[in-house]
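For reference, the chains in residue letters:
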Amino acid sequence: MSMSSHAELRSRYEDFLRGERHNCVDRIVSAVDDYVHRVESVAAASSTNEKGGNNKSAATASGVAGGCPRVRISLGELRSYSTQLAQSLQHVSPLRHIRALEAACHAIASEERPGYDTKLTQTSSGSTLTSSQMKVSLAGPFSSQTDSPRTLTSSRLRHLVCVEGVATKVNSVKPKIVKSVHYNPSKSTHESREYVDASHPYLNLPVIDATGREMPDRLLTLTSSSYPTRDAENNPLETEFGLCEYADSQTVTLQEMPERAPHGQLPRSVELVLDKDLVDKIKPGDRVQIVGVYRALSGGMGAASIRSSFKTVVLVNNITALNRDVANLVFDSRDVHEIRTLSKRNDILDVLARSIAPSIHGHDVIKKALVLQLLSGVERNLENGTHLRGDVNILLVGDPSTAKSQLLRSAMTIAPLAVSTTGKGSSGVGLTAAVTSDPETRERRLEAGAMVLADRGLVCVDEFDKMSEVDRVAIHEAMEQQTVTISKAGIHASLNARCSVLAAANPVYGQYDGHRRPQENIGLPDSLLSRFDLLFIVLDQLDPTSDRRIAAHVLRGHRYRRPGAGFGVDTSTSSGYGFDDDSDSDGEDGADRISDLRKRSTSIWQKNHHKTAEVSQARMNSRRKNGRGNDSHTDEILCQDFLR
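Remember, it's a predicted structure, so these values are computed and weren't measured experimentally.

### Side note on the sheet that holds strand 18 (residues 418-422)
Part 1: With respect to topology, five strands assemble into an open sheet ordered 18-21-24-17-25, the strand pairing being parallel. The two strands at the open ends of the sheet, each matched to only one other strand, are strand 18 and strand 25 (534-538). The average undirected angle you get between the axes of adjacent strands in this sheet is 15°.
Part 2: Sheet analysis places strand 17 (residues 394-398) next to strand 25, joined by five bridges and oriented parallel. Across the sheet, the residue bridging to Leu 395 is Leu 535, located in strand 25.
Part 3: Along the sheet, helix 9 (residues 364-375) contacts strand 17, strand 21 (458-462), strand 24 (500-505) and strand 25; its crossing angle with strand 25, the most-contacted strand, is approximately 150°.
Part 4: In this fold helix 10 (residues 404-414) packs onto strand 17, strand 18, strand 21 and strand 24, with an angle of close to 160° to the strand it touches most, strand 21.

Here you go:
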């Protein structure tokens, strides 16, 4: 299949598209009709507003004219037609197969809608004839696990990949020369020249002639990027800029998701190349799934060295925005049943609170606040344009060694999207956004900070009091309006920062002074404190009774027996959420213990090995008052995997 000619591949893809099973022809026709309707409506609006000098409509018309109709093809549908064809598209020669697939779509579109690719577009400067052939966007499923910038190694080069990540740097859209037209005054003739750069998708592929046949002896190679000034006979040439053809191009840096990066390692990044109608679809902080071809660009970096390296990019074919609220969350029927059962409990807040950080003694009210913060509130957008945030901001201020940082870490492990930072190791632009300069092109670009990357998630800031006053002022807008506005170096942008903030700080004097007012101990400005919905003062009480309870709590946490210890139970292969066993009794029968362990291995509940007799009795009395005296889960907590 890899050695098939362009005509053979195109014929096979036409047979696949014309099949009645997946209705691909209807999708192609719909994509063409939508594009033509969009071009005509924008051109009509531009013509109507031309007398009023509305430049916005003219710019929109120009952007639509620079696009193209695009149809979505699923690899699952292609795999059901021919597994060999789908494998060749993914792993053998994806760019060559994509070219044949687009040619097949173009043939069908030209048959169903003749002349669709040549439309008269009305712009502010007059009528222009645009040529836009059909493009194809490939969708999954690709494999059981998608790639990340960390897994893109040399073995993935020249393969069709599906990468997930967060956009951190987005360059501006630049026009790329595709075809230049020059006038020869000496001969009164026009000459044209086509340009091919290193990011061209058909680079080093055989040239296709006007009849659609491959020319194996001619390959598409790189061309010079400079305009010709003289012809072959040394006659001067004049460039007709109005007749030249350009294509939009943009580069985006896609970074590995923070929660997926291994601990102690920096997140990896990969550069994306977008062109034509795919540009301007991504902004900093967006979490996207990219389908494209991973390839190395011509022109090595460090060629003078012994080990020369080449710049690798992903030529984007399809962009899918990931919903941050449900990304990477998979629910089966058992999960749905357990969630509905828990929702009927009157003490659901108490159950969730004691399930968060069970190894930390006390702080029951703070744990309930963390539950409410993780669940978040309801975001409202009023008719007058007012935005009311639904995220909850919490500040913990108190003595050292009161488990403030541990509470932050517990919330991070449960939240689907969480970004951690410290006050001393972060700046204002690092938390919000920054305008940086591209070292290669010297262009200004926008780089997202921690709060933008944690959009629809949680930001944990430890040592909040160590942050400078200038840096704290930078997050005022992000905490209340949930946006980050940038007006620097000629760049004006507004990014979403819809996240909850969980911060921990120490008092001004190291220890909380009870003889001073809380404002004097906290040492933060009122304008910043007003943006925190909940403020907790955590004190280290010098009480022997409290110290004994904390010590006993810690000892109980280290005293319980691991699941299956001493009974030969292989817990690594057990299904379910896992379980804990805090019993130290050796008088029970081994078979009964194993049966009990296996029964509990599929439950979302686990024993709380930190509980005391006083706490158990108090909870039992509370259950009896609420009519739940026979509840078997009074002293149990939810499994951590289920909470995540």
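Text resumes after the structure shown.
### Remarks on the pattern of salt bridges
Part 1: The full count for this structure, using the stated rule, is 25 salt bridges.
Part 2: Two residues, Arg 27 and Glu 77, come together in a salt bridge whose shortest N-O distance is 2.7 Å. A residue pair is termed long-range when its members are at least 10 positions apart, and Arg 27 in helix 2 (residues 24-48) and Glu 77 in helix 4 (residues 75-81) qualify at 50 residues.
Part 3: For Glu 256, the salt bridge is made with Arg 150, and the minimal N-O distance between the two is 3.1 Å.

### Observations regarding the pairing of strand 20 (residues 444-448)
Part 1: Summarising the sheet, strand 5 (residues 159-170) and strand 20 pair through two bridges and their orientation is antiparallel. For Val 170, the partnering residue across the bridge sits in strand 20 and is Leu 446.

### Side note on the side chain of His 106
Part 1: With respect to the secondary-structure elements, His 106 resides in helix 6 (residues 94-112).
Part 2: Not counting the four nearest positions on each side in its chain, His 106 is found in contact with Tyr 116, Asp 117, Gln 133 and Met 134.

### Digging into the nonpolar core
Buried together is how nonpolar side chains tend to be arranged in soluble globular proteins.
Part 1: By size, the foremost hydrophobic cluster in this structure holds 37 residues, and its most contacted members are Tyr 13, Leu 17 and Leu 138.
Part 2: Among the elements that take part in this core, helix 6 stands out by supplying eight residues, more than any other.
Part 3: Counting 35 residues, the second largest nonpolar core, distinct from the first, contains Leu 446, Ala 450, Cys 499 and Ala 503.

### Brief notes about the packing of helix 5 (residues 83-92) against helix 6
Part 1: Interhelical geometry of helix 5 versus helix 6 gives an angle of 125° and a closest axis separation of 6 Å. Comparing the axis directions of helix 5 and helix 6 gives the class oblique. Here helix 5 contributes Leu 85, Ser 88, Leu 89, Gln 90 and Val 92 to the contact with helix 6, which in turn contributes Pro 94, His 97 and Ile 98.
Part 2: Broken down by class, the residue content of the contact of helix 5 with helix 6 amounts to five nonpolar, three polar and no charged.

### Things to note about the packing of helix 8 (residues 348-355) against helix 9
Part 1: At a minimum axis distance of 8 Å, the contact between helix 8 and helix 9 shows a crossing angle of 105°. Considering their axes alone, helix 8 and helix 9 lie roughly perpendicular with respect to each other. Seen from helix 8, the contacting residues are Leu 349, Asp 350, Leu 352 and Ala 353; seen from helix 9, they are Asp 364, Lys 367, Lys 368, Val 371 and Leu 372.
Part 2: When its residues are assigned to classes, the contact of helix 8 with helix 9 shows five nonpolar, no polar and four charged.

### Observations regarding the environment of Ser 355
Part 1: Within the fold, Ser 355 resides in helix 8.
Part 2: Residues Ser 355 and Val 371, 16 residues apart in the sequence, show an inter-C-alpha distance of 9.7 Å.
Part 3: From its side chain, Ser 355 meets the backbone oxygen of Val 351 in a polar contact 2.7 Å long.

### Some details on the packing of aromatic side chains
Part 1: Under the defined criterion, the tally for this structure stands at four aromatic pairs.
Part 2: Measuring from ring centre to ring centre gives 5.5 Å for Phe 16 and Tyr 81, while their planes differ by 45°; the resulting arrangement is tilted. Of this pair, Phe 16 sits in helix 1 (residues 6-18) while Tyr 81 sits in helix 4, placing them 65 residues apart in sequence.
Part 3: On the basis of relative accessible area, Phe 16 is assigned to the buried category, the value being 3%.
Part 4: Accessibility expressed as a relative area gives 36% for Tyr 81, which makes it partly exposed.

Conventions adopted
Residues numbered from 1 in each chain as written. Predicted model: local features only at pLDDT ≥ 70, side-chain atom pairs only at ≥ 80, totals over all residues. Heavy atoms only, no water. Pairing = 2+ DSSP bridges. Helix = DSSP H or I, 4+ residues; strand = E, 2+ residues; numbered from the N terminus. Axes fitted to C-alpha atoms, helices over the stretch in contact; angles between N-to-C directions. Contact = heavy atoms within 4.5 Å. Salt bridge = Lys/Arg side-chain N within 4 Å of Asp/Glu carboxyl O. Core = buried A, V, L, I, M, F, W, Y, C linked by side-chain atoms within 4.5 Å. Buried < 20%, exposed > 50% of the residue type's maximum accessible area, 1.4 Å probe, protein only. Parallel < 35°, antiparallel > 145°, perpendicular 65-115°, else oblique. Nonpolar A, V, L, I, M, F, W, Y, C, P; charged D, E, K, R; others polar. Polar contact = N/O pair within 3.5 Å; in protein donor to acceptor, adjacent residues only side chain to side chain. Phe/Tyr/Trp six-rings, centres within 6.5 Å; stacked < 30°, edge-to-face > 60°.

Purely geometric stuff here, so don't read any function into it on its own.
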